[in-house]
Structures are given as structure tokens and as C-alpha cells.
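Residue strings, one per chain:
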Amino acid sequence: MELTATRPQDRSSYGSGIRTLDFPKPAKVLLPHSQVHTTQPVTSSNLEPSRFRICCIEAQATSGVSGSGKSTVGTALAAELGCSFFDGDDFHPAANVEKMRQGLPLNDTDRQPWLQRLAALMQQHIDRKELMVVACSALKKTYRDLLLSSDTSPERHAIAVIALQPSKEELERRLMIRSAGGNHYMPASLLDSQLADQESDPDAMYFGSVSKDEIIQRILQARGTR
Ligand SMILES: Nc1ncnc2c1ncn2[C@@H]1O[C@H](COP(=O)(O)OP(=O)(O)OP(=O)(O)O)[C@@H](O)[C@H]1O
Ligand SMILES: O=C(O)[C@H](O)[C@@H](O)[C@H](O)[C@H](O)CO
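Residues numbered from 1 in each chain as written. Chains lettered and ligands numbered in written order. Predicted model: local features only at pLDDT ≥ 70, side-chain atom pairs only at ≥ 80, totals over all residues. Heavy atoms only, no water.

## Section: the overall build of the protein
Of regular secondary structure, the protein possesses 7 helices and 5 strands. Order of helices (α) and strands (β) in the protein, N terminus to C terminus: β-α-β-α-α-β-α-β-α-α-β-α. Long-range pairs, those at least 24 residues apart, make up 78% of the contacts in the protein with a sequence separation of at least 6. For the protein, the exposed surface amounts to about 10,100 Å²; the carbon and sulfur share of it is 50%. (Helix = DSSP H or I, 4+ residues; strand = E, 2+ residues; numbered from the N terminus. Contact = heavy atoms within 4.5 Å. Areas by Shrake-Rupley, 256 points an atom, 1.4 Å probe, with all protein chains shown as cover.)

The following block contains the structure:
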């Protein structure tokens, strides 16, 4: 049952500040959360069966950057899990989107309100014990730490991080195809700056240049739902 797919086409209209209760709608909502959410926590390094509640699809090492497949994998994973998918791109202040559109890389200060907004969204879901999938580049450790600080569950292990790391050649190939379509604000010229900002995460589940279906299958296997 597909309920909604509400995603504005013009991303420049997205939010201009941090609001903890007024978030963009999920990119997709497929099933009521009550049918799917799990109740037990996990660590991101210990993806045991049926345990994690939140998957933070993010970017690491040589991937997770623009074009690494966060939205593609995140959407498909949420569909499999029957939960909401939120694309971090939809949470940028308008000024960030404009900066990227002009080919200028974001810095730590630019990313702070964006990450805080995403952290608040994640905390809201953790507090309600609702399953969700979030796509977020989260290139640096400090960014991931900020997102992970949203986990206020007693065990503090509600978030699983999945890092997408295709090769640079594969990233360039994907971004070239996407640029030709002309429907994304992020220019391929920012790839090097994205890769330069990436820091690895020992706790993440990593994937290289593999197909979306294989990534999903392996996540579901790790989670114990396939
Ligand atoms: N595993 C994959 N194998 C092959 N192509 C893929 C894979 N994942 C995504 N793609 C393709 O790569 C392009 C970029 O994917 P996607 O938009 O999901 O990346 P992203 O990380 O969300 O990028 P951004 O952060 O810039 O929005 C799309 O054209 C998508 O179809
Ligand atoms: O931190 C950043 O530099 C940004 O979040 C980017 O990663 C973009 O949001 C995304 O890649 C759009 O394509």
C-alpha cells in the first residue's frame, strides 16, 4: 500500500532554519509504522537480527558523497522495511542549496543547522520507537557524532550506519549521467571536495560499487529480515 510520495521538485524552497517539530514530509511513506517497528536496540557495528530501528545511510571514505546512492538505497530499503524515508537533501537551509548550486562546497558552519535538524528528526523517531531510514552524507566524524547524539534511548544503540563507497570512477559515471538529466542542484564538480571531507567510520556497514539489490539484500540479511 503506497500512501504518499510528497517531494517538492524545487529544492531551493526547502526550510531556512532549525525547527524541531516542523519537518519536511518523508520522501515516501509505505506502511503504518506500527506494522514494522522493532523494539530492541543494536549497535551499528553489531547488526544482529531484527534489532536496529534506524538506518542512517551516509557517506564515508571514498563514498557516501554525492552520487554514492544514498537516496536510491534509502528509498528501496525503506520500501522493504515498510517505513518512512527521509532524504537529508530535503533538510538543507535554502542558503546551503544555493551555495551548492553555485558550485561552492559547504563548510562545517553551513552544515551545522542542517545536521541539527536531521538529528532532531531522528530523535523524534527514536523517542516514538518508529522505524525510519535517513539519507545523509554525514561526511565527517563530528557530523556523525552529532546525528548519533540524537539517540537518547537508554542503551544508545538505536542507529545503524550504512556507508556507501563506490569507486571514484563509478561516482563520476553516475554524476555525469545525472548532470545530463539536469534535475539536481549538486554539480559533479563538487565531487572532489566531498571526497576530501570524508572520514571513515569503524562502526559502519560498508558497501563498494555493488548493485542496489545486493546492498539491500545484505542489509536485510544483517538485520535478520531476510
Ligand atoms: N548501487 C548502484 N548502482 C548503480 N547505480 C546507482 C546505484 N545507486 C545509485 N545509483 C545511481 O546513481 C545516481 C545517484 O544516486 P543517488 O541520487 O541515490 O545518490 P545520492 O548519494 O543520494 O546523491 P546526492 O546526495 O547527490 O543526492 C542515480 O542515477 C542512481 O540511479
Ligand atoms: O554535506 C554536503 O556537502 C551536502 O550534504 C551534500 O552531500 C549534498 O547534500 C548532497 O550530496 C546533494 O547531492
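## Some points on the environment of Leu 106
Within the fold, Leu 106 resides in the loop between α2 (94-101) and α3 (108-127). In this structure the C-alpha to C-alpha distance between Leu 106 and Gln 194, which are 88 residues apart in sequence, comes to 9.0 Å. Beyond its immediate sequence surroundings of up to four residues, Leu 106 is in contact with His 92, Asn 96, Lys 99, Met 100, Arg 111 and Asp 197.

## A look at unusual backbone geometry
Most peptide bonds adopt trans geometry, and most residues besides glycine take a negative phi value. Positive phi is not limited to glycine here, since Ala 138 has a value of about 35 degrees. Examined against the element boundaries, Ala 138 turns out to sit in the loop between β3 (132-135) and α4 (141-148).

## Side note on the site of ligand 2
Lining the immediate surroundings of ligand 2 are 13 residues, of which Asp 89, His 92, Arg 111, Ser 137 and Gln 194 lie closest. Between ligand 2 and His 92, the relevant distance is 3.0 Å, taken from an oxygen atom to a side-chain nitrogen or oxygen of the residue. Side-chain polar atom of Gln 194 to an oxygen atom of ligand 2: 2.6 Å apart, as the coordinates give it. In the complex, the protein chains occlude 98% of the 330 Å² of accessible area that ligand 2 would expose alone. Looking at the shell around ligand 2, its residues break down into 5 nonpolar, 5 polar and 3 charged. (Near = heavy atom within 4 Å. Polar contact = N/O pair within 3.5 Å; in protein donor to acceptor, adjacent residues only side chain to side chain. Nonpolar A, V, L, I, M, F, W, Y, C, P; charged D, E, K, R; others polar.)

## Quick word on the pattern of salt bridges
What the rule picks out here adds up to 11 salt bridges. For the salt bridge of Asp 197 with Arg 111, the shortest nitrogen-to-oxygen distance reads 2.9 Å. Remark: Arg 111 occurs in helix α3 and Asp 197 occurs in helix α6 (residues 191-197); sequence separation between them is 86 residues. Grouping residues by exposure puts Asp 197 and Arg 111 together as buried. The salt bridge partner of Arg 128 is Glu 130, with a shortest N-O separation of 4.0 Å. Accessibility expressed as a relative area gives 46% for Arg 128, which makes it partly exposed. Connected through salt bridges with shared partners, the residues Lys 168, Glu 172 and Asp 192 form a single ionic network. (Salt bridge = Lys/Arg side-chain N within 4 Å of Asp/Glu carboxyl O. Buried < 20%, exposed > 50% of the residue type's maximum accessible area, 1.4 Å probe, protein only.)

## Details of the site of ligand 1
Taken together, 16 residues form the shell around ligand 1, and within it Ser 66, Ser 71, Thr 72, Asp 89 and Arg 178 come nearest. Within the backbone of Gly 69, an N or O atom sits 3.0 Å from an oxygen atom of ligand 1. Here an oxygen atom of ligand 1 and a side-chain polar atom of Asp 89 are 2.8 Å apart. Against a free-state accessible area of 630 Å², the protein chains account for coverage of 78% of ligand 1.

## Things to note about the packing of helix α1 (residues 70-81) against helix α7 (residues 212-223)
Relative to each other, α1 and α7 sit at 45 degrees, their axes nearing to 10 Å. Taken together, the axes of α1 and α7 lie oblique to each other. Along this stretch, α1 crosses α7, giving a crossing that reads as right-handed. Of the residues in α7, those touching α1 at Thr 72, Val 73, Ala 76, Leu 77, Glu 80 and Leu 81 are Lys 212, Ile 215, Ile 216, Ile 219, Leu 220 and Arg 223. Of the residues contributing to the contact of α1 with α7, the split by class is 8 nonpolar, 1 polar and 3 charged. (Axes fitted to C-alpha atoms, helices over the stretch in contact; angles between N-to-C directions. Parallel < 35°, antiparallel > 145°, perpendicular 65-115°, else oblique. Left-handed = near helix turned anticlockwise from the far one by under 90°.)

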